[in-house]
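Here is how the chains run, residue by residue.
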Amino acid sequence: MKKIIMHIDVNNAFLSWSACDMLKHGYKIDIRNINSIIGGDEKQRSGIVLAKSENAKKFGIKTAETIYSAKKKCNNLQVFLPDFRVYSHYSNAMYKILCDYSDKIERFSIDECFLDYTYSQKLFGTADECAKKISNRIYTELGFTVNVGIGDNKLLAKMASDLEKPNKICTIYKNEIKDKMWILPIEELFMTGRKSVPKLHNLNIFTIGDLANFDLKILKKTFGKMGMQMYEYANGIDDSDVDNSRQEYKGIGNSITTNVDILNKSIAYNILLSISELVGKRLRAENKYTNVINVQLKSADFVTQSHQRKLLNSTNITKEIYNVAKELFDEFWNGQPIRSFGIRLDELQDDKDGQISFLADERLKEKSNKLDKVIDNTRNKYGNNIIKRAVFLDNVIPNMLNKEK
Ligand SMILES: [Mg+2]
């Protein structure tokens with residue numbers, strides 16, 4: 001049977017998702033319609049733009065430039081912090097809708113999925129009709145728009161979803177490659193690295209069509225293995241399967257809702273330590289390391305704030321997670337009563353990159369690592385309450401642990 005693949009891509013994901021979440025919580029303005037960006041802490045000059053509204057784009061603001069320079073371009077620019085708990089919530093919610101239309105879905109990134117539609121046509125009609133249904137459902141049920149690309153394989157679906165934006169459904173079937181794909185500049189071919197572009201230009205390759213019709217031998221000579229792949233992609237060839245083994249957007253989070261409002265800093269620290277232990281344990285159980293730590297606080301009047309930090313080196317050690325969480329907390333807690341604390345670990349990876357870490361003394365670190373393992377093993381055997389770190393004994397830790405879904 002002839003394969004049909006869809007690529008679903010959220011339009012301006014971080015900004016859209018923040019906007020949806022804020023509207024849901026009573027914020028009166030849709031930040032998609034004002035001069036706004038999502039970015040790191042603007043007090044730090046190093047904070048960068050992660051996403052920008054259409055309005056902000058008109059001022060020449062670019063993703064990854066510093067917030068400092070973005071603000072110089074547009075003086076009433078509103079800056080909102082990213083919230084990865086919200087993002088993973090919407091990512092999961094979209095995935096759930098997609099699951100109604102196929103059992104073969106690949107989560108390609110937090111805001112992109114491939115969906116194998118080959119065997120779903122009998123149930124849901126043509127790919128075009130179904131793409132409309134999917135796009136409408138995502139908009140009415142979740143509040144944001146997506147692009148859907150449709151093609152005979154993943155590459156063509158991905159290229160199709162990039163043709164026009166936003167809120168569009170486009171196809172690139174094999175017989176459309178020449179008209180829709182070959183006319184595009186070579187920079188737009190999937191997986192073509194920035195470094196390759198000048199080399200391709202040197203070979204007089206400026207469009208995807210130029211590459212598709214170029215001498216394969218010369219490409220192989222210039223680019224090695226990549227040369228072959230670039231040539232195949234330019235010709236719309238891609239046999240890779242939709243890989244549905246990644247069903248969950250991987251990120252680990254836990255939160256604690258307290259039965260009394262917390263005003264005391266040292267109790268707050270202890271709560272953060274207990275959450276650090278929970279997320280650390282889950283992280284180690286999956287043999288992963290985290291690169292991003294996010295702390296979220298909900299005040300007694302239900303205002304949620306979060307702060308995150310990208311680590312210089314990945315970690316899976318409770319003490320390191322806790323130290324960062326504590327620093328983040330100190331940075332943004334304004335003394336308001338808190339009713340809920342959360343920590344989320346994002347950008348998980350398999351291997352430790354093995355560089356210097358927060359704990360300068362590597363031996364101390366090894367010790368922490370061993371201690372974590374002993375605690376994990378004992379808890380696995382006897383349950384989570386068996387070991388309490390000494391600091392907990394002085395304080396009553398409020399109840400209710402919520403494992404984030
Ligand atoms: Mg996107």
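Scroll up to find the structure this text is about.
Residues numbered from 1 in each chain as written. Predicted model: local features only at pLDDT ≥ 70, side-chain atom pairs only at ≥ 80, totals over all residues. Heavy atoms only, no water.

Side note on the sheet that holds strand E1 (residues 5-10)
- Reading across from one edge, E5-E6-E1-E7-E8 is the order of the five strands in this open sheet, with mixed pairing throughout. Both edges of this open sheet fall to strand E5 (105-109) and strand E8 (169-172), since each of them pairs with a single strand only. Across the sheet, the mean angle separating the axes of adjacent strands is 20 degrees when strand polarity is ignored.
- Sheet topology places strand E7 (residues 146-151) next to E8; four bridges connect them, and they run parallel. When the bridges of E8 are listed, Val 148 appears paired with Ile 169.
- The sheet contacts of helix H4 (residues 84-98) involve E1, E5, strand E6 (112-116) and E7, and relative to E5 the element is tilted by about 155 degrees.
- Those strands touched by helix H6 (residues 127-142) are E1, E6, E7 and E8, and its axis lies near 165 degrees from that of E7. (Pairing = 2+ DSSP bridges. Helix = DSSP H or I, 4+ residues; strand = E, 2+ residues; numbered from the N terminus. Axes fitted to C-alpha atoms, helices over the stretch in contact; angles between N-to-C directions. Contact = heavy atoms within 4.5 Å.)

Structural notes on the pairing of E1
- Counting buried positions along E1 yields six of six residues, so the element is predominantly enclosed.
- What you see with E1 is no split at all: Ile 5, His 7 and Asp 9 on one side and Met 6, Ile 8 and Val 10 on the other are buried throughout.
- Pairing of E1 with E7 involves six bridges; the strand directions are antiparallel. From the neighbouring strand, Ile 5 faces E7, where its bridge partner is Gly 151. (Buried < 20%, exposed > 50% of the residue type's maximum accessible area, 1.4 Å probe, protein only.)

A short note on the packing of helix H13 (residues 265-285) against helix H14 (residues 318-332)
- Between H13 and H14, the least distance of the axes is 8 Å, while the angle of their chain directions is 140 degrees. When the interaxial angle is binned, H13 and H14 end up oblique. Where H13 crosses over H14, the handedness of that crossing is right-handed. Residue-level inspection shows Lys 265, Ala 268, Tyr 269, Leu 272, Leu 273, Ser 276, Glu 277, Val 279, Gly 280, Leu 283 and Arg 284 of H13 in contact with H14, the latter providing Thr 318, Ile 321, Tyr 322, Ala 325, Lys 326, Phe 329 and Asp 330. (Parallel < 35°, antiparallel > 145°, perpendicular 65-115°, else oblique. Left-handed = near helix turned anticlockwise from the far one by under 90°.)

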